[in-house]
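Listed here are the chains, written in short residue letters.
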2 protein chains.
Amino acid sequence: MTNDRHLLLLGLLRAQEMHGYQLNEFIDQQMDFCVDLKRSTAYYLLDKLCRDGYVAEEVEREGNRPERRVYRITPAGEVHFQDLLRQNLATYVPPVYAEDIGVIFEHQMAADESLRLLNARREAIQSYRARLEVLHVNLPPSHTAVIEHHLLHVDAEIVWVDRLIAARLKRSPTTPALHE
Amino acid sequence: MTNDRHLLLLGLLRAQEMHGYQLNEFIDQQMDFCVDLKRSTAYYLLDKLCRDGYVAEEVEREGNRPERRVYRITPAGEVHFQDLLRQNLATYVPPVYAEDIGVIFEHQMAADESLRLLNARREAIQSYRARLEVLHVNLPPSHTAVIEHHLLHVDAEIVWVDRLIAARLKRSPTTPALHE
DNA sequence: GGGGATATACTCAGTTCTGATTAATCAACG
DNA sequence: CGTTGATTAATCAGAACTGAGTATATCCCC
């Protein structure tokens with residue numbers, strides 16, 4: 001849901017009032033690995049939150065610079081934050097996995113090519129896992145729970161792609177080994 | 001990416017030409033558990049695929065019924081399908097997990113409430129897992145790979161929520177057991 | 001001291017997605 | 001044989017999202 005983005009922005013503004021640019025910088029630098037929020041989308045959401053009365057904006061003019069707005073959470077926003085947080089913590093919305101669509105049609109491909117592609121995927125997953133490991137040791141402890149979450153899922157993903165590769169090899173054992 | 005939705009539609013139309021309604025019925029009945037595609041979105045995507053030349057539509061008029069269009073894949077669409085399938089199989093785009101946002105702010109809550117909510121989540125995950133198990137034995141073998149994919153991830157999710165609960169209990173061991 | 005890169009700060013037109021609605025057909029019940 | 005509820009089939013206004021663009025200030029090197 002887009003609710004989680006509202007939760008994110010309200011949570012950040014709750015800790016500290018900010019203008020849009022600052023907020024975007026923060027998200028890009030600290031939360032890049034777990035949220036996907038374009039800068040223009042953030043501005044859109046801030047405006048929406050504003051229209052809904054959950055944040056208030058104050059325009060700052062200085063010389064003839066482009067104007068900047070400071071956003072701060074309102075009492076209604078505070079309540080909404082609590083609601084969204086409770087909702088987020090208490091529910092589980094299973095994600096949609098893009099990879100599912102591919103495997104549905106995978107059998108329509110030549111075994112060789114299919115295996116080559118799946119091996120490439122395996123490497124892509126591994127290299128993403130490596131990046132997570134780096135984050136795991138570098139990021140502050142406040143992020144470890146999230147990183148560990150991603151590690152659990154990425155490991156599940158490796159198990160799965162290995163199963164797919166094994167299954168494909170079993171069905172049509174042509175040119176078995178492509179890597180090492 | 002929205003590319004995966006294009007892949008899905010092209011893949012289905014490749015197997016059999018259809019009109020929009022038929023396609024929507026099929027997706028709702030057979031693929032509900034792994035794709036999230038609103039009917040109106042499907043019509044939008046079909047139109048887009050059409051404008052891009054990947055599918056051709058043929059309008060069927062009959063009496064004064066609302067008109068229906070039959071969609072079939074074009075040669076360009078066939079090529080595009082191959083490209084999208086290769087791309088899908090060879091890459092890994094880590095999903096964004098909604099739950100991450102919640103845990104970032106979870107520590108700002110009373111321990112009691114946090115534990116209550118996380119336990120509710122645990123149950124939600126378990127009940128989703130149960131539904132997957134039912135699908136696992138009921139759906140045709142063509143779907144088993146996908147179901148197993150979801151089972152792997154849902155199990156990862158249970159491990160994670162248990163860790164969160166344990167960590168919260170360790171930090172503030174108030175009213176330890178909420179369920180049984 | 002001029003000019004090219006970088007940082008600050010947002011806007012906007014265009015694309016994508018969705019909930020609500022429309023509209024005809026059909027089955028079936030009293 | 002009228003009306004009501006499901007089925008077939010798709011539209012559309014509006015919400016959500018994004019890439020490309022605008023505009024000023026500031027830093028720094030030659």
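Cut-offs applied
- Residues numbered from 1 in each chain as written.
- Chains lettered and ligands numbered in written order.
- Predicted model: local features only at pLDDT ≥ 70, side-chain atom pairs only at ≥ 80, totals over all residues.
- Heavy atoms only, no water.
- Helix = DSSP H or I, 4+ residues; strand = E, 2+ residues; numbered from the N terminus.
- Rg over C-alpha atoms; globule rule 2.2 N^0.38 Å.
- Buried < 20%, exposed > 50% of the residue type's maximum accessible area, 1.4 Å probe, protein only.
- Areas by Shrake-Rupley, 256 points an atom, 1.4 Å probe, with all protein chains shown as cover.
- Lys, Arg positive; Asp, Glu negative; His and termini not counted.
- Charge placed at Lys NZ, Arg CZ, Asp CG, Glu CD.
- Contact = heavy atoms within 4.5 Å.
- Arc of directions from axis to C-beta.
- Near = heavy atom within 4 Å.
- Polar contact = N/O pair within 3.5 Å; in protein donor to acceptor, adjacent residues only side chain to side chain.
- Axes fitted to C-alpha atoms, helices over the stretch in contact; angles between N-to-C directions.
- Parallel < 35°, antiparallel > 145°, perpendicular 65-115°, else oblique.
- Nonpolar A, V, L, I, M, F, W, Y, C, P; charged D, E, K, R; others polar.
- Least-squares fit on C-alpha atoms with pLDDT ≥ 70 in both.
- Pairing = 2+ DSSP bridges.

**What to know about the overall build of chain A**
Summing up its helical and strand segments, chain A has seven helices and three strands in all. Walking chain A from its N terminus toward its C terminus, one meets helices and strands in the order α-β-α-α-β-β-α-α-α-α. Against the compact-globule benchmark of 16 Å for 180 residues, chain A has a radius of gyration of 22 Å, which places it well outside the compact range. Here chain A, with 180 residues, has 43% of them falling under the buried criterion. Only carbon and sulfur atoms are counted for the fraction: they give 54% of the accessible area of chain A, which is about 9300 Å². For chain A, the centre of its 21 positive side-chain charges and the centre of its 27 negative side-chain charges are spaced 2 Å apart.

**Concerning the environment of His153(B)**
Tracing the backbone shows His153(B) in helix α7 (residues 144-171). Its relative accessible area of 1% is what places His153(B) among the buried residues. Along the backbone, His153(B) and Arg129(B) are 24 residues apart, and their C-alpha atoms lie at a distance of 9.9 Å. Those residues in contact with His153(B) that sit more than four places away from it in its chain are Tyr97(A), His153(A), Ala156(A), Glu157(A) and Tyr97(B).

**Considering helix α2 (residues 20-30) of chain B**
Residues and elements named next belong to chain B. Within α2, burial applies to Gly20, Leu23, Asn24 and Ile27. Looking straight down α2, one finds its buried side chains confined to an arc of 100 degrees; they lie on one side. Its buried side turned inward, α2 meets α1 (3-15), β1 (18-19), α3 (39-51) and β3 (68-73).

**Some points on the protein's contact with DNA strand C**
In the vicinity of DNA strand C, 19 residues are found, and the nearest of them are Arg68(A), Arg69(A), Ser40(B), Thr41(B) and Tyr44(B). By atom count, sugar and phosphate contribute 72% of the portion of DNA strand C lying within 4 Å of the protein. Taking Gly20(A), its main chain carries an N or O atom lying 3.2 Å from a phosphate oxygen of DNA strand C. Taken together, the elements giving at least two residues each to the surface near DNA strand C come down to α2 (20-30), α3 (39-51) and β3 (68-73) of chain A together with α3 of chain B. Looking at the surface near DNA strand C, the element that brings in the most residues is α3(B), giving five residues.

**Structural notes on the protein's contact with DNA strand D**
Around DNA strand D, the surrounding shell holds 19 residues, and the nearest of these are Ser40(A), Thr41(A), Tyr44(A), Arg68(B) and Arg69(B). Protein-proximal atoms of DNA strand D, defined as those within 4 Å of the protein, fall in sugar or phosphate at a share of 72%. Between DNA strand D and Thr2(A), the relevant distance is 3.3 Å, taken from a phosphate oxygen to a side-chain nitrogen or oxygen of the residue. Note that a base oxygen of DNA strand D is positioned 3.0 Å from one of the side-chain N or O atoms of Ser40(A). Of all the elements in the fold, those that place two or more residues in the surface near DNA strand D are α3 of chain A together with α2, α3 and β3 of chain B. With five residues, the top contributor of residues to the surface near DNA strand D is α3(A).

**Some words on the packing of helix α1 (residues 3-15) of chain A against α2(A)**
In a pair of packed helices, the angle between the axes and the distance between the axes together describe the arrangement. Residues and elements named next belong to chain A. Contact pair α1 / α2: the axes reach a minimum separation of 11 Å and the direction vectors enclose 110 degrees. Taken together, the axes of α1 and α2 lie roughly perpendicular to each other. Contacts from Leu8, Leu9, Leu12 and Leu13 of α1 reach α2 at Leu23, Phe26 and Ile27. A per-class count over the contact of α1 with α2 returns seven nonpolar, no polar and no charged.

**Remarks on the relation of the copies chain B and chain A**
When chain B is fitted to chain A, the residual RMSD is 0.1 Å, and the transformation amounts to a turn of 180 degrees plus an axial shift of 0.0 Å. This pairing of chains is accounted for by a two-fold axis. Measuring from the rotation axis to each C-alpha of chain B, the shortest distance belongs to His153(B), at 3.0 Å. Interface overlap between copies is the fraction of interface residues in one copy that are interface residues in the other; for chain B against chain A it reaches 100%, indicating a shared surface.

**What to know about the sheet that holds β3(A)**
The sheet built from three strands is open, its strands ordered β1-β3-β2 (chain A) with antiparallel pairing. Of all the strands in the sheet, the pair left with one neighbour each is β1 (18-19) and β2 (55-60) of chain A.

**Some points on the environment of His19(A)**
All names here are of chain A. Mapped onto the secondary structure, histidine 19 falls in strand β1. A relative accessible area of 14% places histidine 19 in the buried class. Put simply, histidine 19 and glutamate 60 are 41 residues apart on the chain and 9.8 Å apart in space, counted from C-alpha to C-alpha. Those residues in contact with histidine 19 that lie beyond four places of it in its chain are Arg68, Arg69, Val70 and Tyr71.

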